[in-house]
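Structure at a glance
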Amino acid sequence: MKYVIILAVSILLIAHQDYWNWNNPSMVWGFLPFGLFYHVIISLLAALLWLLTVTLAWPVSFSEGSSKRYAEPQAAVGTAGERDE
Amino acid sequence: MNEPLLNPGQIRLLVILIYMLILLAMGVLASRLFRGTKQDFLLASHSIGPVLLLLSLFGTTMTAFALVGSTGEAYRKGIGIYGLMASASGIVHSLCFFLIGIKLWKFGRRHGHLTQIQYFRDRLDSPLIGFLLFPFLVGLTIPYLLVGVIGGGAVIQGMTSGAFPAWFPVLDGNGQATPAHGALPEWLGSGLICLVVVSYVFIGGMRGTAWANGFQTLVFVILGVVTFVLLAFKLGGEADLLASMRAVTERVDVKYLTREGIPPTYFLSYLLIPLSAAMFPHLFQHWLTARSAETFKLAVVCHPLFILVVWLPCVMLGIWATTLELPPSVAANQNQILPYLVASQLSPLLAGLLTAGILAAIMSSLDSQFLCLGSIFTNDVVDRFLGRNRLSDRSIVWITRGFVVLIVGVTYWISLSKHPSIFSLGVWSFSGFAGLFPVVFAALYWQRLTEAGAISSIMATAGSWLILFRASNWGANKEFVVTLPGSEWPFHPVVPIFACSVFALLVTTWLTKPPGQSVLNRYFD
C-alpha cells in the first residue's frame, strides 16, 4: 500500500504542473476560470488521497510511539497569573 | 438632524477592539488551567485533541500571507497564485505532517524534546548544531513575523479610514483626503497587534495560544466565506450570487484569468516552497502538543480543504479588484487591496466583524511563532549555557516570556522601516525553511547522515539564502528570479538554495565517518 500512496502522490504532483491549461481562458459555470477550477480539483483530490492514506496506510509504528512516553518532571510553582487550584 | 455618535471608521475600530478583548480574556482563562511546569507552558502538557490540533495547525500556517498577501498578489498576477501556493501546499503540507510531523512527535514524546533543536542535537549527538541552528531559525522566522506585523498594520489602517481625521490627516498634493486620511497609521496598528498577541501568549502560554488559534481559525474561516459572498454581491450588482459572480468575472481582463504572467519553470520551482512546513519551528511545537499519533489524522486530511476555503475566495477577490478603479495609493500597495475592498464596499459594523476575521488569521500565526522562539531560546541557549536543570520551571517560564517580549520589540522595530510586499517577504522566509528540509528528512530516514553533513547543509542553506535575499534587495525586488546558465528559464531562488543544501549534505556525509550505533539505536528500530 505504501508504494500505491507514493505513486498517487507523484501523479498528483505531476498533474499539478498543468502546462496544457496555461492560457486557457474558458470558464466553468460562467465565473470560475478553468485554470483555477483545475487546481481546486487538485486540492480536493489531495484531501481524498490523504483520507485514503490515513485510512489504509497508517503505519503501525506511529501508534506504537504513543506507548513510550517521556516522564514529565513533577513541578508545581506558582507565578503571577498561574493558579494551582 | 442628529450626528451619529461614531463615524464608520470608529465603528470598525470599536469592533476590532472588542475582538481583541475577547482574545485577552481567552489568555486569562487558559492561565487558570496552567500547571506551573515548562512542559505545560510550552506544550500544553501534550493534551491537545484532533479538532483543536487541526484548527491550531491550520491557524498557524495561514497568515497575513494567505489573506492579505494572496489577494494582493492575485490582483497583480491573476489566478496562477492559487496553483503556486494553495494547491501545492494542499499536497505538500499534509505530506510533511505525515512523513515528518508524526515521526518528530513520536521521538519528542519518547525523549522529552521541547524544541526541534533538541531533536537534532540528540539525533546527531552534536552540541554544535544547536548553536548554528538557533540564529538561523530566528533569522528566518523574523521575516515571517514581519508578514503578520506589517499585514496587521496595513489591515487596521485600511479599516479605520476616516476615523480620526483631526489626529491623523493624510492629504494628497491637491489637499484631497486619501484612503489613509484619519486612519490609524500602520505603525500604530502594528503596535496594537503586537501588544495583544504578546499579552495572551505571556499569560496563557501554549494552551492559551492553542485555544486562541482554534477560536481564531473558526472566526476567519467563517467570516472569510461571509466576506466573499457579500463582496461578490456588491461587486457583481445582481440579485443572486451566481449571476453576480458571473457579472464581475466578465469584466476581468483575460490576462488575470490565465497564467500568462507566470513562466512554467517558475511555477514548477514553487513546488519546493511548501516543504518549508517541515522545518517551521512553531509548527514543530504544535506537533508536540498532540495527545497521540491518531490526533494527526484529521489535520492531514482536512488541511488541503481548509487551504481551499481560504485561498479560493481571496484569489477571486484579487482578480475582481482589477475591475475597480482604485485610488492610486491603494493600487500601488498590494497589501491594501483586501482591506480597501472590505472597507469601501460593506457597512461599518460588518466590515469591523470581517476585519476581526482577517486579524484572527494574522494573530493566530504570530502567537505560535513568538512562543516558539521564546521556547528555543530558553531550552537551547539558556539551558545549555547554565547547565540542564539548574533553573526552576518558574524561572524558565519567565525567561521564555522575557525573550518573547524582546523578539516582539525587535520585529516591531524592523516593521517600522520601509517594507516590501507581504507575499514577497513570506516567500523568502519559506525559501530558507525549505532549504532546511533535506536535513530533517535525512535525520529521520537516513541512518548514514553525519553531524558534519547536517552542519554543512545548514551552512550552505544559510549562505545561499543570505546571498540571494540580499541580491533581491531584501525582498524589495518582487521580480527577482534565477536562471540556469545558458538558458532563459526563470526559477524561484528556492531552487539553488535547496540544491546547495542537498549537495552539501550528501557530499559531506559521504566524506565523514558514519554515526555511532548507540545514537542510531535511539532513533531507528
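Note that the structure is a prediction, hence the values are computed from the model and not measured.

In this section: the overall build of chain B. Secondary structure assignment for chain B yields 21 helices and two strands. Overall, chain B is about 80 × 60 × 40 Å in size when its C-alpha atoms are taken along their principal axes. A burial count over chain B gives 62% of its 525 residues as buried. A separation of at least 24 residues holds for 84% of the contacts in chain B among residues at least 6 apart in sequence.

How two helices pack is summed up by the angle between their axes together with the distance between the axes. Residue and element names in this part refer to chain B. It is the contact of helix α11 (residues 281-288) with helix α15 (residues 348-386), at a shortest axis distance of 8 Å, that shows an interaxial angle of 85°. Regarding the angle of α11 to α15, the classification is roughly perpendicular. Only Ser368, Gln369, Cys372, Ser375 and Ile376 of α15 make contact with α11, whose side of the interface consists of Pro281, His282, Gln285 and His286. Looking at the contact of α11 with α15 residue by residue, the classes come out as three nonpolar, six polar and no charged.

All names here are of chain B. The end-to-end C-alpha separation of helix α5 (residues 80-111) is 43 Å, in line with the 46 Å expected for 32 residues at 1.5 Å each. In the structure, α5 departs most strongly from a straight axis at Ser89, where the bend amounts to approximately 45°. Counting buried positions along α5 yields 29 of 32 residues, so the element is predominantly enclosed.

The next point concerns α11 of chain B. Counting buried positions over the eight residues of α11 of chain B gives eight, a clear majority of the element. Inspection of α11 of chain B places Pro281, His282, Leu283, Phe284, Gln285, His286, Trp287 and Leu288 of chain B among the buried residues, and these make up the whole buried set.

Topologically, Ser472 of chain B is positioned in the loop between α19 (451-471) and β1 (482-483). By the C-beta count within 10 Å, which is 17 here, Ser472 of chain B ends up partly exposed.

Our next topic: the confidence of the model for chain B. Residues and elements named next belong to chain B. With 93% of its residues at a pLDDT of at least 70, chain B reaches an overall mean of 84. Ranking the elements of chain B by mean pLDDT puts helix α2 (residues 38-43) last with 59 and helix α20 (residues 494-511) first with 96. With a pTM of 0.84, the predicted complex shows an ipTM of 0.84.

Let's shift gears to the environment of Cys314 of chain B. Residue and element names in this part refer to chain B. Looking at where Cys314 falls in the secondary structure, it is placed in helix α12 (residues 296-321). By the C-beta count within 10 Å, which is 25 here, Cys314 ends up buried. When the C-alpha positions of Cys314 and Pro179 are compared, they lie 21 Å apart, and in sequence the two are 135 residues distant. Each residue touching Cys314, except ones within four places of it in the same chain, is listed here: Leu67, Ser70, Thr71 and Ala74.

Scoring rules and cut-offs
Residues numbered from 1 in each chain as written. Chains lettered and ligands numbered in written order. Predicted model: local features only at pLDDT ≥ 70, side-chain atom pairs only at ≥ 80, totals over all residues. Helix = DSSP H or I, 4+ residues; strand = E, 2+ residues; numbered from the N terminus. Buried ≥ 20, exposed ≤ 12 C-beta atoms within 10 Å, placed from the backbone. Contact = placed C-beta atoms within 7 Å. Axes fitted to C-alpha atoms, helices over the stretch in contact; angles between N-to-C directions. Parallel < 35°, antiparallel > 145°, perpendicular 65-115°, else oblique. Nonpolar A, V, L, I, M, F, W, Y, C, P; charged D, E, K, R; others polar. Expected span 1.5 Å × (residues − 1). Bend = angle between axes of the 7 residues up to and from the residue. pLDDT = per-residue confidence, 0-100.

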